[in-house]
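# Observations on the three-dimensional arrangement
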Amino acid sequence: MPMRVLFLQQQPCVRALKYAVALRAARPDIRLAFAYRGVKLSKLYASGDELFERWYHLGNGLERDLRRAVGEFRPDLIHSHNLPDSLTVLALEVTGGSIPVVHDVHDFQSLRRTPYEDGFSEPRDAIALEKRAVEESAALVTVSEELLAEIGLRHRLPARVLTFPNYALRRDLPCELPPPDRPRNGALRLVYQGSLAMNDGHYDLRELFATITAAKVKLDVYPNRPIPHYRGLGLDIRRKLPPARLFAALPAYDLGWAGFNTALNGAHLDTALPNKVYEYIGCGLPVLVLRHKALARLVDVHGVGVVLDGLGNLAERLEALDLVTLRRQVAKIRFDLTVEARIGQVVDLYESVVRA
């Protein structure tokens, strides 16, 4: 079914980029446009603008600008990515039910205790907006079954729901991996790539990293932005790399780290399946996670790593790992856990919503 899809988001994120890459490859008859408030994809990821045939910047006249985008592009469906949930509500109001809206939940406001770090502040009626965005949309997409369950405890779910995790793009992954039984050259090497913070939130990893390095475990970090406060923790802090170079570097490591600070946002972490986990797997790395519910389930179900209850005796536990078996399992399933392998689920959702 040919269709026109308008993406809507405060600032285009890597999840939107992944959707667009896979949709354009699998279904060239689906035409894409993007309405946004922040900056274009190319400003964030050095590419991606070409995936959308039209870009609509939403300025201070937010409702007026969205009406113009809808009127010009004439979408069959609007795919709105939170946060903020207010954009989904605006789309519902602008279309008045004439165009179905799919609400895609990256972050669930009800589970957060720290502000969303994307350059906007939530309104006072954020939870009321959250409820409307979930209950009035034609369909709901979430990143994990755990998140879907939390939303269902608080709001009435629409008739159509889809869990679509933050899979990696297969096109970005290395084609070849080092042999799983390669000899070890010294101590095990852990790697972490992605966000770091200093706000006691889930990306404030100073205490965890200090504990890891105190156990004489080597940890390299590729932060997505400079953060000098992490120096002096015994880490090897590498410079930021573009995705292609980062994914080429990751297979040289033994394990990917995906444990986070639960002090403030433990409930949120229990529902999260971060991009980096699927990127580690796609690059052939077994993952180390703490007992965050969604992450622990992913590791246990697919056998792609180790779930830790804490960091006690970390060095000894790592030395006892059957790393060869873990590497073989990761290599076996890594291409199945990609956006391209699963994009048919999104297309099926779009078609069912448009037909309805």
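Above this text you will find the structure in question.
First things first, this report covers the structure right here in the doc. Since this is a predicted model, take the numbers as computed values, not measurements.

Rules used in this analysis
- Residues numbered from 1 in each chain as written.
- Predicted model: local features only at pLDDT ≥ 70, side-chain atom pairs only at ≥ 80, totals over all residues.
- Heavy atoms only, no water.
- Helix = DSSP H or I, 4+ residues; strand = E, 2+ residues; numbered from the N terminus.
- Rg over C-alpha atoms; globule rule 2.2 N^0.38 Å.
- Buried < 20%, exposed > 50% of the residue type's maximum accessible area, 1.4 Å probe, protein only.
- 1 Å grid on protein atoms, 1.4 Å probe; cavity = no way out; pocket = protein on both sides within 12 Å on 5 of 7 lines; lining within 4 Å.
- Points joined across faces, edges and corners; volume = space filled by probe spheres on them.
- Nonpolar A, V, L, I, M, F, W, Y, C, P; charged D, E, K, R; others polar.
- Contact = heavy atoms within 4.5 Å.
- Pairing = 2+ DSSP bridges.
- Axes fitted to C-alpha atoms, helices over the stretch in contact; angles between N-to-C directions.

Helix and strand content of the chain: 14 helices and 13 strands. Against the compact-globule benchmark of 21 Å for 356 residues, the chain has a radius of gyration of 21 Å, which places it among compact chains. In terms of principal-axis extent, the alpha carbons of the chain reach across some 60 × 40 × 35 Å. A burial count over the chain gives 55% of its 356 residues as buried.

This paragraph deals with empty space enclosed by the protein. All told, the structure shown has one cavity of 30 Å³ or more when counted by the stated rule. Quantified by volume, the largest cavity comes out at close to 40 Å³. Lining of the largest cavity is provided by Arg15, Lys18, Tyr19, Phe164, Pro165, Asn166, Tyr167, Asn275 and Val339. At three residues, the largest contribution of residues to the lining of the largest cavity is made by helix H1 (residues 14–26). Looking at side-chain class alone, the lining of the largest cavity contains five nonpolar, two polar and two charged residues.

Before going further, it helps to examine the side chain of Thr338. With respect to the helices, strands and loops of the structure, Thr338 is situated in the loop between helix H13 (323–333) and helix H14 (339–355). Taking relative accessible area as the criterion, Thr338 reaches 1% and is therefore assigned buried. Apart from residues lying up to four places away in sequence, Thr338 is in contact with Tyr167, Ala168, Arg170 and Leu173.

The seven strands are arranged S3-S2-S1-S4-S5-S6-S7 in an open sheet whose pairing can be described as parallel. Here the strands that pair on one side only, and so sit at the sheet edges, are strand S3 (54–57) and strand S7 (160–163). When the angles between neighbouring strand axes are averaged without regard to direction, this sheet yields 20°. Inspection of the sheet shows strand S5 (residues 101–105) paired to strand S6 (residues 139–142) by four bridges, in the parallel sense. By the bridge assignment for S6, His103 is matched with Leu140. Along the sheet, helix H3 (residues 62–73) contacts strand S1 (3–9), strand S2 (30–36), S3 and strand S4 (77–81); its crossing angle with S3, the most-contacted strand, is approximately 165°. Here helix H4 (residues 85–95) sits on the sheet and contacts S1, S4 and S5; the angle it forms with S5, its principal contact strand, is near 175°.

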